[in-house]
Amino acid sequence: MSLFEKDPIGRAIHDYISGDFEENIIVKSSICEDDVIPVPYLFRGQVGNEHACTELELMALERCTGKILDVGGGAGIHAEILHKQGKKVEIIDTSAGAVAYHLKQGLPSRCVNFFDLQSEQYDTLLFLMNGFGIAGNLEQLPRFLEQCSKLLPQGGQILGDSTDIKYLYEDDEGGYWLDLNSAYYGNFDFQMCYKDTCTDTFDWLYVDFDTLKSYAEALGFSVEKLYEHENQYLARLVKL
């Protein structure tokens, strides 16, 4: 078995540190064209890296308070910023290679699925890089929000981003050709590959803000849109 079996992110991180990263990370979907992620983008914001953290990301990090859980930490760039600011942050990721790198950097990290967390408590749950997608699909959004609620005290917050991808269905005249009888238009399936290392296909949700707000308020959260640029937004959910 390969050291990075089904772990393209872990392999890409390893290659970047080794200086061998000519290829890109490819995100494949049956619904849309492939997306390309340059490996250095995983390390954006670091000195000498041409890629920078976005305004949305920096705003989210500024709002992090108390005990913070960075879910799906990737190369750990967000946790590293928070750590340097003296904030108490932990990372979880399903990439064993990523977690090994976090630990070498002195960042608390565990290789665990978010939905497997049980008794932990955090003041801030951080979900970036279209982080609300971890819900999987719209039908599973309540499950995701209930898991968040279980891990938060009253007044605890969720900071996360998503993209309203309705624009993918826009025609030349500004109308939309959505099939109202089909599944929610933000339900996607993906497979991530780097070189010859690929994940299994997985579900990922792109949820528009109004839909997120409706579901979250029904489950006991207040919801605020902190930032919006083009079709992407940052939201803050507070457990009431």
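What you are looking at is a predicted structure, and each value in this text was computed from that prediction instead of being measured.

Cut-offs and rules
- Residues numbered from 1 in each chain as written.
- Predicted model: local features only at pLDDT ≥ 70, side-chain atom pairs only at ≥ 80, totals over all residues.
- Heavy atoms only, no water.
- Helix = DSSP H or I, 4+ residues; strand = E, 2+ residues; numbered from the N terminus.
- Rg over C-alpha atoms; globule rule 2.2 N^0.38 Å.
- Buried < 20%, exposed > 50% of the residue type's maximum accessible area, 1.4 Å probe, protein only.
- Contact = heavy atoms within 4.5 Å.
- Areas by Shrake-Rupley, 256 points an atom, 1.4 Å probe, with all protein chains shown as cover.
- Pairing = 2+ DSSP bridges.
- Axes fitted to C-alpha atoms, helices over the stretch in contact; angles between N-to-C directions.
- Salt bridge = Lys/Arg side-chain N within 4 Å of Asp/Glu carboxyl O.

**Student:** An account of the overall build of the protein chain is needed here, citing residue identities and associated values.
**Tutor:** Within the protein chain, the regular secondary structure consists of 6 helices and 12 strands. What you see for the protein chain is a C-alpha radius of gyration of 18 Å, in line with the 18 Å of a compact globule of 240 residues. Taken along the three principal axes of its C-alpha coordinates, the protein chain extends 50 × 45 × 35 Å. Burial status across the protein chain gives 47% buried among its 240 residues. For the protein chain, long-range pairs separated by at least 24 residues make up 60% of all intrachain contacts whose partners lie at least 6 apart in sequence. As presented, the protein chain carries roughly 12000 Å² of accessible surface, and 48% of it is formed by carbon and sulfur atoms.

**Student:** Outline the sheet that holds strand S7 (residues 157–163), supporting the account with residue identities and numerical values.
**Tutor:** Reading across the sheet, the 7 strands line up as S5-S4-S3-S6-S7-S12-S11 and stay open at both edges, with mixed pairing between neighbours. Here the strands that pair on one side only, and so sit at the sheet edges, are strand S5 (109–111) and strand S11 (221–229). Averaged over all neighbouring strand pairs, the angle between strand axes comes to 20 degrees, with direction disregarded. Alignment of strand S4 (residues 88–93) against S5, held across 3 bridges, turns out to be parallel. Bridge pairing links Ile92 to Arg110 in S5. Strand contacts of helix H2 (residues 55–63): strand S6 (124–127), S7, S11 and strand S12 (232–239), with the helix running at about 15 degrees to S12, the strand carrying the most contacts. On the sheet, helix H5 (residues 141–151) packs against S6, S7, S11 and S12 and is oriented at approximately 145 degrees with respect to S6.

**Student:** Tell me about the environment of Asp116, and name the residues and values.
**Tutor:** With respect to the secondary-structure elements, Asp116 resides in the loop between S5 and S6. A relative accessible area of 51% means that Asp116 is categorised as exposed. Between the C-alpha atoms of Asp116 and Gln147, which are 31 residues apart in sequence, the distance is 9.2 Å.

**Student:** Describe the pattern of salt bridges, naming the residues involved and giving the relevant values.
**Tutor:** If you walk through the whole model with that rule in mind, you get 9 salt bridges. With its nearest N and O atoms 3.5 Å apart, the salt bridge here joins Asp20 to Lys195. Highlighted residues: Asp20 in the loop between helix H1 (8–18) and strand S1 (25–29) and Lys195 in the loop between strand S8 (187–194) and strand S9 (197–198), separated in sequence by 175 residues. Between Lys84 and Glu80 there is a salt bridge, and its shortest N-O distance comes to 3.5 Å. Of this pair, Lys84 and Glu80 both sit in helix H3 (residues 77–84), 4 residues apart, which is roughly one turn of that helix. Under the relative-accessibility criterion, Lys84 is labelled exposed at 66%. Each of Asp15, Asp20 and Lys195 takes part in a single network of salt bridges with overlapping partners.

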